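# Descriptive structure summary
Residue strings, one per chain:
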Amino acid sequence: MLLGDAFGDGAGRVVEVAEDDGLGGAALLAGGDDLTVAGHLAPPLQHRPVLGVADAKTVFAPYADPIIYLFLGSFQDAQGGFTLANIGALFTDPLIITAYINSIRISIFTALVGGVLGFLMAYAVTVGGLPNWMRAGLVTFAGVASNYGAVPLAFLFINTLGRTGLMTAFIALAFRLNLYDDLGFNLYSFWGVSITYLYFQLPLMILITIPILEGLKKEWREACESLGANQFTYWR
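## Section: the overall build of the protein
When helices and strands are counted, the protein shows 9 helices and 4 strands. Counting from the amino terminus, the protein carries its helices and strands in the arrangement β-β-β-β-α-α-α-α-α-α-α-α-α. The buried share among the 236 residues of the protein stands at 18%. Long-range contacts, defined here as pairs at least 24 residues apart, represent 40% of the contacts in the protein between residues at least 6 apart. With an accessible surface of roughly 17000 Å², the protein has 68% of that area assigned to carbon and sulfur atoms.

This is the structure:
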């Protein structure tokens, strides 16, 4: 910038270059204020937007109505009167208890299987020394599959392995085999839901574990081996 040049500072003020130090620095005078920045050219001042109360209401307002509706509805009977029977049914209704048990079973099973298999696959492509093209393909698939969850994941499997799903129809036409009638498969059973959850839990475990395994230095393993430690001690 040259002596005497003027520009806007982003805050509605005109800033003029009052002095050049010959090294690309300058002394700046803010017009209308006593502010002086000397030595180096300072960046224009910027206003940073702050999430205010009005903005917060705009963001969270769509979620307020269903939350309030569900909370109040949990204390109402069919006629709209106040009741605690719905809360008591959580511990006495066989269907609700079965739903809780099935959810816990599926959670434990998919967490264990996804964690173990995901770790082994991540280990194979990092420490195991598999070819780079296998690593690239696995990481790419894991990055895509791990982004599925909730409604998109359910929609994907219903349209793929449901009774009228694409793969169900393809297998029936190509192999004359019905997954539901001949093999007894059911997407809404324990195994069907577990497969659905593993579709994104397994890739997610792979993506989480690969950077951790890559962070283990070769020197650490060599140091353990030189001290007589076995594989279990090293990984512990």
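## What about the side chain of Ser194?
Of note, Ser194 is situated in helix H7 (residues 190–214). When its relative accessible area of 1% is taken as the criterion, Ser194 is described as buried.

## Regarding helix H5 (residues 150–161)
The terminal C-alpha atoms of H5 lie 16 Å apart, and with 12 residues this matches the ideal 16 Å at 1.5 Å per residue to within 8%. Along its buried surface, H5 packs onto helix H6 (166–175) and H7.

## Here we look at the packing of aromatic side chains
Counting across every chain of the model gives 11 aromatic pairs. Taking 5.8 Å as the distance between ring centres and 75 degrees as the angle between the ring planes, the aromatic pair formed by Tyr180 and Phe185 counts as edge-to-face. With a relative accessible area of 8%, Tyr180 lands in the buried category. Ring geometry for Tyr197 versus Phe200: centroids 6.2 Å apart, planes at 50 degrees, classification tilted.

## A look at the nonpolar core
In this structure, Leu153, Phe157, Leu161, Ile171, Leu179, Tyr180, Leu187 and Phe200 together form the largest nonpolar core, which totals 8 residues. Among the elements that make up this core, the one with the highest residue count is H5 (3 residues). Contacts of Leu161, omitting those with residues within four sequence positions, involve Met167, Thr168, Leu179, Tyr180, Phe185 and Leu187. Counting 7 residues, the second-largest nonpolar core is a separate cluster that includes Leu138, Ala142, Ile206 and Leu213.

## Some thoughts on the packing of H5 against H7
At a closest axis distance of 10 Å, the pairing of H5 and H7 adopts a crossing angle of 125 degrees. Viewed along their axes, H5 and H7 adopt a mutual orientation that is oblique. Crossing angle aside, the handedness with which H5 passes H7 is right-handed. The residues of H7 that touch H5, namely those facing Leu153, Leu156 and Phe157, are Ile195, Thr196, Tyr199 and Phe200. For the contact of H5 with H7, a count of residues per class yields 6 nonpolar, 1 polar and no charged.

## Some thoughts on the environment of Cys224
Position of Cys224 relative to the elements: it lies in helix H8 (residues 218–226). We classify Cys224 as partly exposed; its relative accessible area is 24%. Through-space distance from the C-alpha of Cys224 to that of Tyr234 is 6.4 Å; in sequence the pair is 10 residues apart.

## Let's talk about the environment of Glu214
Along the chain, the position of Glu214 falls in helix H7. In the structure, Glu214 is positioned 87 residues away from Val127 in sequence and 7.9 Å away in space, judged by C-alpha atoms. Engagement of the side chain of Glu214 in a polar contact is seen with the side chain of Arg135, the distance being 2.4 Å.

## Points about unusual backbone geometry
A positive phi angle, near 55 degrees, is found at Arg176, a position not held by glycine. Within the element layout of this structure, Arg176 appears in the loop between H6 and H7.

## Here we look at the side chain of Thr209
Within the fold, Thr209 resides in helix H7. In terms of polar contacts, Thr209 uses its side chain to reach the backbone carbonyl oxygen of Met205, at 2.7 Å. Thr209 has contacts with Phe119 and Ala122, leaving out every residue within four places of it along the chain.

## Some words on the pattern of salt bridges
Following the criterion strictly, the structure yields 2 salt bridges and no others. A salt bridge links Glu214 to Arg135, with the shortest nitrogen-to-oxygen separation between them at 2.4 Å. Taken together, the residues span a long stretch of sequence, with Glu214 in helix H7 and Arg135 in helix H4 (residues 132–145) at a distance of 79 residues. Of the residues examined, Glu214 reaches a relative accessible area of 46% and is grouped as partly exposed. The shortest N-O distance in the salt bridge between Arg163 and Asp181 comes to 3.8 Å. Of this pair, Arg163 sits in the loop between H5 and H6 while Asp181 sits in the loop between H6 and H7, and the two are 18 residues apart along the sequence.

The rules behind each value
Here, residues in each chain are numbered from 1, in the same order as that chain's written sequence. Side-chain atom pairs in this predicted model are given and counted only at pLDDT of 80 or more, local residue features only at pLDDT of at least 70, and totals for whole chains, interfaces and linings cover all residues. Calculated side-chain values reflect all of the structure's heavy atoms, with hydrogen atoms and water omitted. Helix and strand assignments follow DSSP, with helices taken as H or I runs no shorter than four residues and strands as E runs no shorter than two, numbered in order from the N terminus. Accessible area is worked out with a 1.4 Å probe on protein chains only. A residue is then buried under 20% of its type maximum, exposed over 50%, and partly exposed in between. Should any heavy atoms of two residues lie within 4.5 Å, those residues are considered in contact. Each accessible area is a Shrake-Rupley result for a 1.4 Å probe, and residues are judged covered by the shown protein chains and nothing else. Expected span of a helix: the number of residues minus one, times 1.5 Å. Aromatic pairs are defined between Phe, Tyr and Trp rings, using the six-membered ring for Trp, whenever the two ring centres lie within 6.5 Å; interplanar angles under 30 degrees are classed as stacked, those over 60 as edge-to-face, and all others as tilted. The term nonpolar core refers to a set of buried residues drawn from Ala, Val, Leu, Ile, Met, Phe, Trp, Tyr and Cys, joined through side-chain atoms within 4.5 Å. To obtain an axis, a line is fitted to C-alpha atoms, over the contacting stretch when the element is a helix, and the angle between two such axes runs from 0 to 180 degrees between their N-to-C directions. The cut-offs work like this: below 35 degrees is roughly parallel, past 145 is roughly antiparallel, 65 to 115 is roughly perpendicular, and the gaps in between are oblique. By convention, the crossing between two helices is left-handed when the near helix turns anticlockwise from the far helix through less than a right angle, and right-handed when the turn is clockwise. Residues are sorted three ways: Asp, Glu, Lys and Arg are charged, Ala, Val, Leu, Ile, Met, Phe, Trp, Tyr, Cys and Pro are nonpolar, and all the rest, Gly among them, are polar. N or O atoms within 3.5 Å of each other form a polar contact, as long as, within protein, one can give a hydrogen and the other can take it, and as long as residues adjacent in sequence are counted only when both atoms are side-chain atoms. Here, a salt bridge means any Lys or Arg side-chain nitrogen found within 4 Å of an Asp or Glu carboxyl oxygen.

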